[in-house]
Each structure stands twice: as structure tokens, then as C-alpha cells.
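The lines below spell out each chain.
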Amino acid sequence: MAKFDALIFDCDGVLVDSEVIAIQCERELLSQWGLDYEFESFVQRFVGLHNRDFHNAIAADAQAAGLALPDDFRTALHANHWKRFEAELKAIAGVMDVVAAFPGLQAVASSSEADKLVRKLELTGLHDTFAPHVYSSDLVANGKPAPDLFLLAADRIGARPDTCLVIEDSVNGVKAARAAGMTAWGFTGGGHADAGLAGRLTEAGAHGVFASHRDIAAALAG
């Protein structure tokens, strides 16, 4: 197995099991406004995007369908699931096994807005594991699937992109890692993962796909 100098984690759906909560809340509310999305289509299109890109895509879909969204739709989309995050959010099993198995530099690079990213890591007891190397798409002009965020993370921790390994659960994230010239491992251990996710991650360019963090830790140790 290739040796890596740095390990970069996505957050939502990789470190914390937030995507399953967010997707459920968002799809339910969008349906009330007349925008119905199949689960797989929603995951493929929107998971891994920065909120600004997600909101723009939803607005474009509504316009194309001739629907008028509430003026506060951006705020409303996220209000309900934050109540649930505060009560229910947990780290995904085995995260610390991966952290322990990798002796090199480690960072988090997430599409979450900076304050929300920090809060998710705090809620799950992971913030101190990765701080200060916690990077949000707020810091770059172009979110995933553009490579900007991963390149920023590599620069901040002092690693060449071609020596970085990225753990991602989304098509957009895998594409971003590949565009950055990094090795991408897909992860399907989040609560939102459906039967087709592994295939979609592979099609997006993942060099390998893992169903659990313990499998990733074993691969790193091997």
C-alpha cells in the first residue's frame, strides 16, 4: 500500500452521522414546498456541497418548476435539523481507530459552514482531536467538487497533494479530492448510505471504498 503523509477527513457522513438527519429534514420540508426528490438523487446531487451551492441549486430547481420558495427558505431548511443535531448527533463508530492507525498529519476539510463545523465536532467530542486543522469551505471561493478546499488543507498542514489521502462519503467530495491530485477512499458507513453509494463513489473516482472505519484502520495498518 502507498504511504501517505497526510490524512484528510470530510466531516458530515464520515466523522459525524449528520447526513442521515439533515437529508430527512430537508427532503420533508422541500416536499412541503412542492419539490420532491428521490433519496438517491438527493444524495448524489447535494451531499458534499457547501450550503451556498445547495441553496442555489434548490432555488434553480424551484424556478424551473415554477414554484415560489419562502423568502426565508435558506434558514428554514437548516433550522429543524440543528435541533436534532443538538439532541442526537454522534460520532461514527471507529473514527478514533482510524486516527490511531495513521501516524502522519491529519485534518478535517468540510463543506459545512465554519461555525457549524466546529459545533458538530464539539458535540461529538472530536474537535480537540483535529484542531487547529479544521477547515471549512467558507475559506475558499469554490466548494466541492472543486479541489480548492482540499488544496487549502494540504497547504495549511504542509503536505504535498499527491501524498494526501482523503476519506469521503460523497460523489462531490471524491471528485474534489481527485481534482486536487489526492488519493480518495470512499466511505459508506454513515447512516445515510444506500445500496448504490459504493458504486457511485467508485464511478466518481474513489480508489477504494470502505464500509466502516475499522476497515479503513486495518487498511492503513496493513
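Residues numbered from 1 in each chain as written. Predicted model: local features only at pLDDT ≥ 70, side-chain atom pairs only at ≥ 80, totals over all residues. Heavy atoms only, no water.

Read from one edge of the open sheet, six strands run S3-S2-S1-S4-S5-S6, paired in parallel fashion. Every other strand in the sheet has two partners, leaving strand S3 (134-136) and strand S6 (208-210) as the edge strands with one partner each. The mean angle between the axes of side-by-side strands here comes to 25 degrees, regardless of whether they run parallel or antiparallel. (Pairing = 2+ DSSP bridges. Helix = DSSP H or I, 4+ residues; strand = E, 2+ residues; numbered from the N terminus. Axes fitted to C-alpha atoms, helices over the stretch in contact; angles between N-to-C directions.)

The next point concerns the pattern of salt bridges. The tally for this structure, following the rule as stated, stands at 12 salt bridges. Linking Asp12 and Lys120 is a salt bridge whose minimum nitrogen-to-oxygen distance equals 2.8 Å. Residue Asp12 is found in the loop between strand S1 (6-9) and helix H1 (19-32), and its partner Lys120 is found in helix H6 (residues 114-123); the two are separated by 108 residues along the sequence. Lys120 shares its class with Asp12; the two are buried. Two residues, Asp97 and Arg214, come together in a salt bridge whose shortest N-O distance is 3.5 Å. Within this pair, whereas Asp97 is found in helix H5 (residues 95-101), its partner Arg214 is found in helix H11 (residues 213-221), the two being separated by 117 residues in sequence. (Salt bridge = Lys/Arg side-chain N within 4 Å of Asp/Glu carboxyl O. Buried < 20%, exposed > 50% of the residue type's maximum accessible area, 1.4 Å probe, protein only.)

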